[in-house]
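Structure at a glance
One-letter residues, chain by chain:
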Amino acid sequence: MAATIEWRTQNEIEHTHKTNAILATQHAASCLAHVEALLKTIPEALVFILVRNPLTTLAQWSDSPALKNAGLLETDRLAGVHAPNLAEHRRQQLAELQKLNEPMMRRAGLWNYFAGLADTHDERIQIIRYEDVLEHPAVVLAHLGATLFAGQELALPNVDAHFQKKEDGTATLTEQERECLRAACSYNAGAFDYDLYAD
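Rules behind the numbers
Every chain's residues receive numbers from 1 upward, in the order its sequence appears when written. Note on the predicted model: pLDDT of at least 70 is required for a residue's local features to be given, and 80 or more for side-chain atom pairs to be given and counted; whole-chain, interface and lining totals, by contrast, use all residues. Just so you know, side-chain values use all the structure's heavy atoms and leave hydrogens and water out. A run of DSSP states H or I qualifies as a helix once it reaches four residues; a run of E qualifies as a strand once it reaches two. Both are numbered from the N-terminal end. Here's how the labels work: a residue is buried when its accessible area is under 20% of the maximum for its type, exposed when over 50%, partly exposed in between, all with a 1.4 Å probe on protein chains only. Residues are treated as being in contact if the distance between any of their heavy atoms lies within 4.5 Å. What sets the accessible areas is the Shrake-Rupley method with a 1.4 Å probe; for residues, cover comes only from the shown protein chains. Centres within 6.5 Å are what make two rings of Phe, Tyr or Trp a pair, Trp counting through its six-membered ring; a difference in plane orientation under 30 degrees is then read as stacked, over 60 as edge-to-face, and the rest as tilted. Every case where a carboxyl oxygen of Asp or Glu lies within 4 Å of a side-chain nitrogen of Lys or Arg is listed as a salt bridge.

This paragraph deals with the overall build of the protein chain. When helices and strands are counted, the protein chain shows 12 helices and 5 strands. Within the span of the protein chain, comprising 199 residues, buried residues form 38% of the whole. Relative to all contacts within the protein chain whose residues are 6 or more apart in sequence, the contacts with residues 24 or more apart total 64%. Within the structure as shown, the protein chain displays about 11,600 Å² of accessible surface, and the carbon and sulfur contribution to it stands at 52%.

Below, the structure is given as structure tokens:
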């Protein structure tokens, strides 16, 4: 019988008390901001972090009120600079990002910040690329089940609703913006096997 990956809202994740559950949420900022505390509190936990090409991510962020000017740095109650339980060194990193005046560079800095939270080299954290799930969901789930869950089959309901092939938004970037983002994010992107200069 397959183990089902259950989608949860941020509020449901915060208040769940289920054990041995495989939960998924799309509120990456809040979860990433406290992943270190999560693993310290629940050392037996396994955390899957979904990453995406930063050029695609940053182009799409331009349509989000909270991310267009990296406004969540100021306003997000769990991941922003004023979040009450944020680690102090993370708060200082966000404070430095607030000093950047150019919106695109603030977004690039925020992506790098999140990439650093994900790329901890902790064996309990598994990095999954969005593009791999989009193209080969069954292969990704089979690999996770075989390597992390003693060969157990994993099921991800409504995968098409969460991983859709659509325009990635990069066509809206000017060549100058592309070069700026490549220079700013290529190092951290390389940790996830993205080559921003390949295209």
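Take the packing of aromatic side chains next. Tallying each qualifying case throughout the model produces 3 aromatic pairs. An angle of 80° between the planes, with centres 6.4 Å apart, marks the rings of Trp111 and Phe192 as edge-to-face. Of the two residues, Trp111 is situated in helix α8 (residues 103-118) and Phe192 in the segment after α12 (175-190); the sequence distance between them amounts to 81 residues. Each member of the pair, Trp111 as well as Phe192, carries the same accessibility label: buried. Consider the rings of Tyr113 and Phe114, whose centres lie 5.7 Å apart with planes at 50°: the pair is tilted. Here the two residues Tyr113 and Phe114 agree in accessibility, since each one is buried.

Note on backbone geometry: most residues besides glycine have negative phi, and most peptide bonds are trans. Backbone geometry at His121 places phi at a positive 65°, although glycine is not the residue there. Relative to the helices and strands, His121 is located in the loop between α8 and β4 (125-129). Residue His121 is classed as exposed on the basis of its relative accessible area of 73%. Of note in the backbone geometry, Asp193 takes a positive phi value of approximately 65° without being a glycine. Here Asp193 is to be found in the segment after α12. With a relative accessible area of 66%, Asp193 lands in the exposed category.

Once that is clear, we can look at the pattern of salt bridges. Charged atoms that come close allow side chains of opposite charge to pair. Counting across every chain of the model gives 7 salt bridges. Residues Arg182 and Glu179 are paired through a salt bridge, measuring 2.6 Å at the closest nitrogen-oxygen approach. A residue pair is termed a helical-turn pair when its members lie 3 or 4 positions apart in one helix, as Arg182 and Glu179 do in helix α12 at 3 residues. Owing to a relative accessible area of 6%, Arg182 belongs among the buried residues under this scheme. Using a relative accessible area of 36% as the deciding quantity, one classes Glu179 as partly exposed. Each member of the salt-bridge network shares a partner with another, and the members are Glu175, Glu179 and Arg182.

From the geometry alone we can't say anything about function, so treat these as descriptive.
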